[in-house]
Amino acid sequence: MLTRQYKTNSKRKRAPEEILVSRNVKQKFSSSSTTGNASASERSLTKNVAFKNVLTKASVPRRPLYSNKVATINNSALTTLPISSKPVPPRSSKSTVSQKNAATMSYSGTKIVPYDAGGNFTGKVSPANLNKAEISRLRSEIAQHKKKLAEIQQEAAECEEYNKAIEAEFSGLHDELVKVKLDSDIMLADIEQSKKQADSYDKELKVLDEQLNAMNEENNRLHKNVQVLNKDLRYKYEKIEEKKSLQESRLKQILENYNGLNSEENTRKELHNQLLDLKGNIRVMCRVRPCTDKENDVVLAKLKCSDDKRSIEISTERKSLWRTVVDTSTFKFDCVFDSNADQDQVFSEISPLVQSAIDGYNVCIFAYGQTGSGKTYTMEGDVNNLEKKGMIPRAIDIIFDKIKELEKLGWNFEAYVQYVEIYNETIQDLLGDEDKKNKKLYKDRKKTYKESKDLYKIMYNDNTRMTIVENADRRKVSRKEDMESLLRKASNRRSKASTNSNSVSSRSHGVFIFHLEGEYPIGNESSRGSLSLIDLAGSENIDKSGSTGNQLKETQNINKSLSDLKTVIQQIKDKASYVNYRDSMLTNLLKYSLGGTAKVCMLVNVSPFADSVSETKNSLTFGQTARKAHVGTASRSGRF
Ligand SMILES: Nc1ncnc2c1ncn2[C@@H]1O[C@H](COP(=O)(O)OP(=O)(O)OP(=O)(O)O)[C@@H](O)[C@H]1O
């Protein structure tokens, strides 16, 4: 049964213990078989003993085995007795006879040798040698042996049962062993897997260890760097602190100096403006324009400027019956510029007023005169020519220069410009973007002014005494260079036409407004001033101009607005309770630049020609009247 079981299981993988058992069994069998002449029962017995030994190794409870006991039985009996293939349990120690003793047997003292003469074992005793007593004894002995045999058979049966039990136990143990083996295999596989896993973890760990070491080294290096940097930082921090405290003390010093300088600046402003006040709030200057190259053959009027440049004489001849009478009229002004005076000389006289605008006053400088008398030249001049630059670009230059100086003293300034023209009593923006619509509108001037009548409105701020043209472009300008292109653009947009008196005559009043807003945070001060630079359209004798149609209307509007200006200035001079600023668009726009607390400079431009004497006299008379006007004590429009 065991052999079959092993054969059955021979194909499957066997556990090492199982292999050990199998080997032991084979060895036993082979050793038994090689001993040569052992009987089948002996082989069976040996085989069982071998199994028993294996089982003993496999922890089967140890029981005494009966093996050699069979040899104690008489040889003859052995030949007849069936010998169980199973091991026989031991009977007693007395029955144990050595293998050697089994060779010779004694019967009642007579030695009976069971060997033939050749020394071969026969197993039989010759009956001739036996007597009756001996026979009887032998019979009783046989009976005894039979009895013993029965007992042995009994014991053999018991042994067989016992063996069966052992086999069953062995089989159970074997199953258990197989199960354990399977479990062990699984566990071994698991262990193998775990070992592989552990190996990979080991490798990973090794790599991580290396990385950690590298990181530790890097960390140490960085730590050292940090220490060095910290040291350096501490040193620099200390230096910065030193510099900071030094700078603070310097700043304190500078602030004290600033305040000192600012108070000096304030004193200068006060004195400057007091001086201007003494000169009068309306300052009137006269400028005689020279002849151009094309006008050499034109008869000149007799104009003579005084040496002190404060008056101008104009002489006209009138013929009576018997003689020629010379009428000379003298007009006094704050300054008179003859035809040789250049732009620079004119500007040097008006620049103090520009300074006043920075100081926070509303300043208005306008050129008045008949058509072709040099107003546009005086105010705009030639932007591209340094010498011929007019009052407007020069004022811009000086304003930005002054602003720079004041910013060094701690002031912050913002400058905004508007440039509009008043044409036929409507305002037109000269700086606005020339989009498609505007371009189209500019082509059709009638339409432009019809539309702009409602678009551009004059707005006053009664607190700051500032005037702004609503909807007209109000540009913030921070560099004088930015202004050049704006001025060119505005000049090109101005309404011009050729008249009898001027080939390029301005048909509108050009009004350039500079808003200057300053803050002095250190001293908590501020200033808000404005500078209006106006190139008026020229007054014109309608009969002389020969204008008709649209140009006639333009001339009428120009003359009317200039007349309204005269009226307003007259009313200011007369200290009238009501001043008709609203009568015309021009006076409306100049309300805060002419009256009240403003500083005004009127440049009376006159033509040098004899045929313009009448208009020249009119202009000079108006200038003189305006000079007598007192517009009140000028005051700053913003806080100072
Ligand atoms: N001081 C001057 N030096 C040289 N040329 C001058 C001077 N003043 C005026 N002119 C020239 O005289 C001409 C007429 O001057 P301008 O156009 O400035 O007159 P206006 O008073 O503006 O005329 P309008 O009122 O018709 O516009 C121009 O050709 C101008 O260049």
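Our subject in this report is the structure included herewith. (Residues numbered from 1 in each chain as written. Predicted model: local features only at pLDDT ≥ 70, side-chain atom pairs only at ≥ 80, totals over all residues. Heavy atoms only, no water.)

A tally of helices and strands in the protein chain yields 16 helices and 18 strands. Residues classed as buried in the protein chain amount to 41% of the 640 residues present. A separation threshold of at least 6 residues defines the contact pool for the protein chain, and within that pool the share at least 24 residues apart is 71%. A total of about 36,900 Å² of accessible surface is found on the protein chain, and carbon and sulfur atoms cover 51% of it. (Helix = DSSP H or I, 4+ residues; strand = E, 2+ residues; numbered from the N terminus. Buried < 20%, exposed > 50% of the residue type's maximum accessible area, 1.4 Å probe, protein only. Contact = heavy atoms within 4.5 Å. Areas by Shrake-Rupley, 256 points an atom, 1.4 Å probe, with all protein chains shown as cover.)

In this structure, F333, F366, L594 and L620 are the most contacted members of the largest nonpolar core, which totals 47 residues. Among the elements that take part in this core, helix α13 (residues 549–573) stands out by supplying 6 residues, more than any other. Beyond its immediate chain neighbours, meaning those up to four positions away, F333 contacts V284, M285, C286, R310, S311, I312, V604, L620, G623, Q624 and R627. With 45 residues, the next largest nonpolar core counts A357, L431, L487 and F514 among its residues. (Core = buried A, V, L, I, M, F, W, Y, C linked by side-chain atoms within 4.5 Å.)

Further remarks concern the pattern of salt bridges. Close approach of charged atoms lets side chains of opposite charge pair. Under the counting rule described, the total for this entry stands at 23 salt bridges. The residue R289 makes a salt bridge to E295 at a minimum N-O spacing of 2.8 Å. Accessibility classification places R289 together with E295 in one group, the buried group. Between R507 and E554 there is a salt bridge whose closest N-O contact spans 2.9 Å. Of this pair, R507 sits in the loop between β15 (505–506) and β16 (509–520) while E554 sits in helix α13, and the two are 47 residues apart along the sequence. A relative accessible area of 7% places E554 in the buried class. Residues participating in the shared-partner salt-bridge network are E380, E421, R494 and D535. (Salt bridge = Lys/Arg side-chain N within 4 Å of Asp/Glu carboxyl O.)

Next up on the list: helix α8 (residues 391–408). Here α8 spans 26 Å end to end across 18 residues, near enough to the 26 Å set by a 1.5 Å rise per residue. Just downstream of α8 lies G410, where phi reads positive at about 105 degrees. (Expected span 1.5 Å × (residues − 1).)

Running from N to C, α13 and helix α16 (residues 613–628) point in directions that differ by 35 degrees, and their axes come no closer than 8 Å. The two elements α13 and α16 meet at a crossing, and its hand is left-handed. Only F622, T625, A626 and K628 of α16 make contact with α13, whose side of the interface consists of L565, K566, I569, Q570 and K573. Among the residues forming the contact of α13 with α16, the class breakdown is 4 nonpolar, 2 polar and 3 charged. (Axes fitted to C-alpha atoms, helices over the stretch in contact; angles between N-to-C directions. Left-handed = near helix turned anticlockwise from the far one by under 90°. Nonpolar A, V, L, I, M, F, W, Y, C, P; charged D, E, K, R; others polar.)

With that settled, consider unusual backbone geometry. Of note, the phi angle at K309 is positive, near 55 degrees, even though the residue is not glycine. You can see K309 is positioned in the loop between β4 (302–305) and β5 (311–319). Exposure remark for K309: the relative accessible area of 40% places this residue in the partly exposed category. Here N424, not a glycine, exhibits a phi torsion of approximately 45 degrees, which is positive. Turning to its location among the elements, N424 is positioned in the loop between β9 (412–423) and β10 (426–429).

This part covers helix α6 (residues 343–358). Compared with the 22 Å implied by 1.5 Å per residue over 16 residues, the 21 Å span of α6 between its first and last C-alpha is a close match. In α6, a bend of some 45 degrees at E349 exceeds every other bend along the element, and P352, a proline, comes one to four places later. Buried residues of α6: Q343, V346, F347, I350, S351, L353, V354, Q355, S356, A357 and I358, and no others. (Bend = angle between axes of the 7 residues up to and from the residue.)

Strands in a sheet are paired, the pairing made by backbone hydrogen bonds, and the direction either parallel or antiparallel. Spatial strand order, β4-β5-β6: 3 strands in an open sheet with antiparallel pairing. Each having just a single partner strand, β4 and β6 (324–332) make up the two edges of the open sheet. Mean inter-strand twist for the sheet, computed between neighbouring axes without regard to direction, equals 20 degrees. Alignment of β4 against β5, held across 4 bridges, turns out to be antiparallel. Considered in β5, the bridge of K302 is made with S315. Against the sheet, α16 makes contact with β4, β5 and β6, and its axis sits at roughly 35 degrees relative to β6, the strand it touches most. (Pairing = 2+ DSSP bridges.)

Looking now at the side chain of E421. Among the structural elements, E421 can be located in strand β9. When its relative accessible area of 0% is taken as the criterion, E421 is described as buried.

By nearness alone, 16 residues border the ligand, and T371, K375, T376, S505 and S506 come closest of all. In this structure, a nitrogen atom belonging to the ligand sits 3.4 Å away from a side-chain N or O atom of R287. Here the ligand has 620 Å² of accessible area as a free molecule, and 81% of this is covered by the chains. Looking at the shell around the ligand, the elements with two or more residues in it are α7 (375–379) and β15. In terms of residue count, the dominant contributor to the shell around the ligand is α7 (3 residues). Residues of the shell around the ligand, tallied by class, amount to 2 nonpolar, 11 polar and 3 charged. (Near = heavy atom within 4 Å. Polar contact = N/O pair within 3.5 Å; in protein donor to acceptor, adjacent residues only side chain to side chain.)

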